[in-house]
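# Architecture and fold: a report
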Amino acid sequence: TERPKLSLELRDYQKEIVRLGVNVLKKHYFVYLAMEVRTGKTLTSLSISKTLAVSNVLFITKKKAISSIQDDYDLLNPDFSITIINYESLHKIDSSPYDVIICDEAHGMGAYPKPSRRAKLVKSLITANNNPYVILLSGTPTPESYSQMYHQVYAIPGNPFKHHKSFYKFSHEYVNIVQKKIGPTSINDYSDGKESILHEMKPYMISWTQKEAGFETQITEEILTVAMHESTHNMVKKLKKERVLQGQIEVVLADTAVKLMSKIHQLYSGTVKFESGNSGVTDWAKARFINGYFQGKKIAIFYKFKKELEAITDIFKDSITTDLKEFKETDKCIALQIVSGREGISLKEAEALVYYNIDFSATSYWQSRDRMTTKDRKYNKIYWVFAENGIEHQIYKTVIGKKDYTLNHFKRDLLTFR
């Protein structure tokens with residue numbers, strides 16, 4: 001069926017980015033749109049493709065963002081055909097020649113020192129399509145280290161680091177390499193990338209902030225504390241002391257500091273993964289609290305561990321969904337895992353964002369909290385639901401400072417847990 005003919009007017013700043021982006025692409029064959037969340041990266045990149053008058057576009061994104069990208073494509077109604085696919089399905093892509101390849105949330109290809117599978121697949125696609133136009137999109141191009149830039153662009157023939165055939169060779173010029181002790185051995189730490197990396201990328205990057213786009217949204221955060229069941233605190237106390245919980249069927253083992261950190265994190269939100277690989281809900285206190293506190297409100301809930309979704313649906317029943325389309329079109333609330341829901345989607349229909357748990361990643365914190373922001377929305381409210389005397393308070397203090405919560409933080413905080 002023929003797509004509906006809809007009209008769309010870009011904002012002035014988007015028109016300017018389209019103009020600049022087309023110029024950069026014609027000169028270098030790739031452009032990096034470093035546009036903050038909710039400033040319209042998707043629509044801008046599609047409009048650039050439309051201006052280039054190309055025939056076939058490949059848009060690579062996260063699975064949950066596919067439907068909203070399709071909506072933007074339908075709204076723009078360009079002459080080119082489009083294939084929208086998630087990174088995890090790239091191996092299934094057909095051999096169609098693509099004039100433009102758009103990589104959404106490009107920082108996800110930034111693993112180092114070795115390239116991730118995702119980065120390798122994108123490289124093979126660019127190579128197979130004989131130097132197509134490439135548009136990279138991200139609100140946070142290098143969220144943890146400037147070193148993350150190399151594998152985002154290494155597949156592109158005209159990238160500024162092309163004379164370095166590997167990250168290791170690149171690192172000798174662009175990274176302050178230090179030795180890091182891991183147990184008895186020492187390894188190279190490549191995380192201290194030099195600022196010169198961004199300087200080299202400057203001719204290829206177009207940056208735009210929410211402030212420049214005219215956003216005036218105020219985000220306020222509130223921490224809500226929940227009294228977990230006494231059994232939760234007893235399990236944490238025993239696990240700290242004995243490093244094992246023995247049930248009638250299952251066992252929880254925390255024989256390393258990393259496992260202890262993970263198990264305590266799980267337990268304080270009411271779930272745990274057993275040594276067998278199975279998981280279980282151990283405490284519904286958070287789900288009950290959220291259901292009661294936000295009764296009658298349309299909210300979006302971010303959870304971390306998969307089993308937390310079971311606790312939420314046990315209490316919310318049919319009033320919760322995990323489908324973005326259903327959330328937008330009904331009165332239902334939505335539950336999304338933090339990592340899959342933090343990027344590429346809008347939750348503007350929500351009256352509030354509610355965090356069932358908190359991720360160790362500072363990137364997750366800063367990206368997910370902006371999911372309700374729109375240019376016309378002046379006020380967003382975010383709620384964090386933490387266990388009384390739980391680990392979440394310490395994680396929160398760390399990630400708001402733009403640092404990941406690590407094992408070193410955990411070892412320091414361990415004595416404060418009840």
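This section reports on the structure supplied with the text. Each chain carries its own residue numbering, running from 1 in the written order of its sequence. In keeping with the model being predicted, local features are shown solely for residues with a pLDDT of at least 70 and side-chain atom pairs are shown and tallied solely at 80 or more, while totals for entire chains, interfaces and linings include all residues. Where side-chain values are given, they derive from all heavy atoms of the structure, hydrogens and water being excluded.

Elements are defined by DSSP. Helices are runs of H or I of four residues or more, strands are runs of E of two residues or more, and each kind is numbered from the N terminus. The span you would expect from a helix comes to 1.5 Å times its residue count less one. Taking 1.5 Å per residue, twelve residues should reach 16 Å; helix H4 (residues 117–128) reaches 16 Å between its end C-alpha atoms and fits that length. Exposed residues in this analysis have more than 50% of their type's maximum accessible area, buried residues have under 20%, and partly exposed residues fall in between, with area computed by a 1.4 Å probe over protein chains only. Looking at H4, one finds that the buried residues are Ala-119, Leu-121, Val-122, Leu-125 and Ile-126. Considered in projection along H4, the buried side chains sweep an arc of 160° and stay on one side of the axis. Away from the buried face of H4 by more than 90 degrees, exposed residues Arg-117, Thr-127 and Ala-128 are located. Pairs of residues are marked as contacts when any of their non-hydrogen atoms sit within 4.5 Å. Lining the buried residues of H4 we find strand E2 (56–61), strand E4 (100–103), strand E5 (133–137) and helix H5 (150–153). Asn-130 occupies a position one or two residues after H4 and carries a positive phi of about 55°. In this description, the arc belongs to the directions extending from the helix axis to the C-beta atoms.

Take the sheet that holds E4 next. Two strands form a pair only when DSSP identifies at least two bridges running between them. Taken together, six strands build an open sheet; the order of strands is E3-E2-E4-E5-E1-E8 and the sheet is parallel. Edge positions in the sheet fall to strand E3 (81–86) and strand E8 (205–208), since each has one partner strand and no second. The sheet shows a mean angle of 15° between the axes of neighbouring strands, direction not considered. The pairing of strand E1 (residues 30–35) with E5 spans four bridges and is classified as parallel. Each residue of the ladder has a partner; that of Tyr-32, found in E5, is Leu-136. Helix-sheet contacts for helix H1 (residues 12–28) involve E1, E5 and E8, and the interaxial angle to E1 is about 150°. Between the N-to-C directions of two axes lies an angle of 0 to 180 degrees, each axis being a line fitted to C-alpha atoms and, for a helix, fitted only over the stretch in contact.

Let us look at the nonpolar core. As used in this record, nonpolar core signifies buried Ala, Val, Leu, Ile, Met, Phe, Trp, Tyr and Cys residues forming a set joined through side-chain atoms within 4.5 Å. The biggest cluster of nonpolar side chains holds 93 residues, and the ones touching the most others in it are Leu-33, Ile-135, Ile-290, Ile-301 and Leu-347. When residues no more than four places from it in sequence are discounted, the contact partners of Ile-135 are Leu-25, Val-31, Leu-33, Ser-45, Ile-48, Ser-49, Val-100, Ile-101, Ile-102 and Cys-103. Counting 37 residues, the second largest nonpolar core, distinct from the first, contains Ala-106, Val-122, Ile-126 and Val-153.

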